[in-house]
Amino acid sequence: MGFRCGIVGLPNVGKSTLFNALTETQAAQAANYPFCTIEPNVGQVAVPDARLEKIAATAGSAKTIFTQLGFVDIAGLVKGASKGEGLGNQFLANIREVDAIVHVLRCFEDDDIQHVANKVDPIADAEVVETELMLADLESLEKRVPAAQKKATSGDKEAKILASVLGQALDLLREGKPARLTVPNDDEEERLFEQAQLLTAKPVLYVCNVAEEDAAKGNALSDLVAAKAASEGAQSVVVSAAIESEIVGMEPEDRGEYLAELGLEESGLARVIRAGYELLQLQTYFTAGPKEARAWTFPMGAKAPQAAGEIHSDFERGFIKAETIAYDDFIQFGGEAGAREAGKLRQEGKEYLVKDGDILNFKFNV
């Protein structure tokens, strides 16, 4: 399934530079002036996973197919976007289409790069964007909640549930809090809440763009962002867009050495992906055979038929069972045949909760 992240932030915080580096393209025009990104650029990146490479080698797979992560570089936002200022309407429409918001915040000083507010203050920058999203949601719910309440008085059960859960969100927004803090009471409330597509209900990952010398440990500004993220159930990660840009031009074998010299164990891309998976509660299972070894993304807590549906809806509809091998067993016993011989291949049914790292072979009949 992968997931799609919208990269947002004020103009000139490093959004497009980061996008170019993360997707290893120059699709976004990085320039030192507001609104250089007019149309949302979309890039797909392979999600790195060392386990998949070991699985492919063990299974003798001809191809290795990583799961894909989509990044959307969305036009810069300014104060008043909720009322259509700048590129506000387009910005809001683009955000509705993504699974999570990657909020890039400037956490570095550089007199050569203009800041839209003429000062470096990542918390204030975050609040500008958040305020515009909250205002847009507030305007929407102040129309939708009364309409649902009115419909509920006629005995419409769904309208009553909708009025309740959206009413909670409206109360939060009026207190200056995002709608994602809403706690649905049951599955039906959760379904209707998700259908509402509120902007502030999107999970948020704050990316602190720091100078090269701060990439390993961050700085005082990124520490403030980390505290903010922790207080609101979000995630934060420190990245140097400048370093990521350098890595793009290097041969793969040289990247590790370069990162080690900077005190880094992995690239910013890997950290962003890991934080994003944790934020969205996503995990990975694998399929493996002579033709290909492949990674599949699934939501944490998914049962076997739901996980099978990530491959094709027929797999879920006609699910019979899942032949299952734990990753460690697959590697230790040399693949499927060895695991089967060692008694490590299990037959799992419809109630099986798929685990991160499982190697699965689905049996189905449509």
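Let me sum up the structure you'll find in this document. (Residues numbered from 1 in each chain as written. Predicted model: local features only at pLDDT ≥ 70, side-chain atom pairs only at ≥ 80, totals over all residues. Heavy atoms only, no water.)

**Looking at the environment of Val-145**
Structurally, Val-145 can be placed in helix H4 (residues 122-152). Counting along the chain gives 14 residues from Val-145 to Ala-159, while the straight-line C-alpha distance between them is 9.3 Å. In contact with Val-145, other than residues within four places in its own chain, are Ala-163, Leu-166, Gly-167 and Leu-170. (Helix = DSSP H or I, 4+ residues; strand = E, 2+ residues; numbered from the N terminus. Contact = heavy atoms within 4.5 Å.)

**Focus: the nonpolar core**
Counting residues in each nonpolar core, the largest one holds 50 residues, and the members touching the most others are Leu-69, Phe-71, Leu-205, Tyr-206 and Val-207. A per-element tally of this core places helix H10 (residues 268-280) first, with 7 residues. If near-sequence neighbours (up to four positions away) are discounted, Val-207 is found in contact with Leu-18, Val-102, His-103, Val-104, Leu-105, Val-237, Val-239 and Val-272. (Core = buried A, V, L, I, M, F, W, Y, C linked by side-chain atoms within 4.5 Å. Buried < 20%, exposed > 50% of the residue type's maximum accessible area, 1.4 Å probe, protein only.)

**Things to note about the sheet that holds strand S7 (residues 235-239)**
The mixed open sheet is built from 6 strands, whose spatial order is S2-S4-S1-S5-S6-S7. Both outer strands of the open sheet, strand S2 (41-46) and S7, are each paired with one neighbouring strand and no more. Neighbour-to-neighbour, the strand axes of the sheet open up by a mean angle of 25°, direction not taken into account. By the bridge criterion, 6 bridges tie S2 to strand S4 (residues 68-73) in an arrangement that is antiparallel. For Gly-43, the partnering residue across the bridge sits in S4 and is Phe-71. Along the sheet, H10 makes contact with strand S1 (3-8), S2, S4, strand S5 (100-106), strand S6 (204-209) and S7, crossing S7 at roughly 180°. (Pairing = 2+ DSSP bridges. Axes fitted to C-alpha atoms, helices over the stretch in contact; angles between N-to-C directions.)

**Quick look at unusual backbone geometry**
Residues other than glycine seldom take positive phi values, yet Gln-197 does so here, at roughly 50°. Mapped onto the fold, Gln-197 is located in the loop between helix H6 (187-195) and S6. Note on Gln-197: relative accessible area 40%, which makes it partly exposed. Unlike most non-glycine residues, Gln-281 shows phi in positive territory, near 55°. Along the polypeptide, Gln-281 turns up in the loop between H10 and strand S8 (282-288). Taking relative accessible area as the criterion, Gln-281 reaches 48% and is therefore assigned partly exposed.

**Some remarks on the pattern of salt bridges**
Tallied over the full model, the rule gives 17 salt bridges. Here Asp-156 ties to Lys-151 by a salt bridge, and the two come within 3.9 Å at their closest N and O atoms. A residue is classified by how much of its surface remains accessible, and Lys-151, at 49% relative accessible area, is partly exposed. The shortest N-O distance in the salt bridge between Glu-232 and Arg-180 comes to 3.3 Å. Here Glu-232, found in the loop between helix H7 (220-231) and S7, pairs with Arg-180, found in the loop between helix H5 (157-174) and H6; they are 52 residues apart in sequence, far enough to count as distant. A single salt-bridge network, built from bridges that share partners, covers Glu-130, Arg-180, Lys-228 and Glu-232. (Salt bridge = Lys/Arg side-chain N within 4 Å of Asp/Glu carboxyl O.)

**Digging into the packing of aromatic side chains**
Across all of its chains, the model carries 4 aromatic pairs by this definition. Ring centres 5.7 Å apart and planes at 45° place the aromatic pair Tyr-285 and Phe-298 in the tilted group. Of this pair, Tyr-285 sits in strand S8 while Phe-298 sits in strand S9 (residues 292-299), and the two are 13 residues apart along the sequence. Judged by relative accessible area, Tyr-285 falls into the buried class, the value being 0%. (Phe/Tyr/Trp six-rings, centres within 6.5 Å; stacked < 30°, edge-to-face > 60°.)

**Focus: the side chain of His-103**
Secondary-structure assignment places His-103 in strand S5. His-103 sits in the buried class, given a relative accessible area of 3%. Apart from the residues within four sequence positions on either side, His-103 is in contact with Val-8, Gly-9, Asp-125, Ala-126, Val-129, Val-204, Leu-205, Tyr-206 and Val-207.

**Overview of the pairing of S5**
Within a regular strand, the side chains alternate between the two sheet faces. Summarising burial for S5: 7 of the 7 residues are buried, a large majority. Burial of S5 is two-sided: the residues Ala-100, Val-102, Val-104 and Arg-106 facing one way and the residues Ile-101, His-103 and Leu-105 facing the other way are all buried. For S1 and S5, the ladder comprises 4 bridges, and the chain directions are parallel. Looking at S5, one finds that Cys-5 is bridged to Ala-100. Of the pairings in the sheet, the one linking S5 to S6 comprises 6 bridges and is parallel in character. In the strand pairing of S6, Val-102 is matched with Leu-205.

**Some remarks on the packing of H4 against H5**
Following both chains from N to C, one finds H4 and H5 inclined at 150°, their axes separated by 8 Å at the closest point. Between H4 and H5, the angle falls in the class roughly antiparallel. Along this stretch, H4 crosses H5, giving a crossing that reads as left-handed. For the pair formed by H4 and H5, the contact residues are Met-134, Asp-137, Leu-138, Leu-141, Glu-142, Val-145, Ala-148, Gln-149, Lys-151 and Ala-152 on the first element and Ala-159, Lys-160, Leu-162, Ala-163, Leu-166, Gly-167, Ala-169, Leu-170, Leu-173 and Arg-174 on the second. For the contact of H4 with H5, the class distribution of residues is 13 nonpolar, 2 polar and 5 charged. (Parallel < 35°, antiparallel > 145°, perpendicular 65-115°, else oblique. Left-handed = near helix turned anticlockwise from the far one by under 90°. Nonpolar A, V, L, I, M, F, W, Y, C, P; charged D, E, K, R; others polar.)

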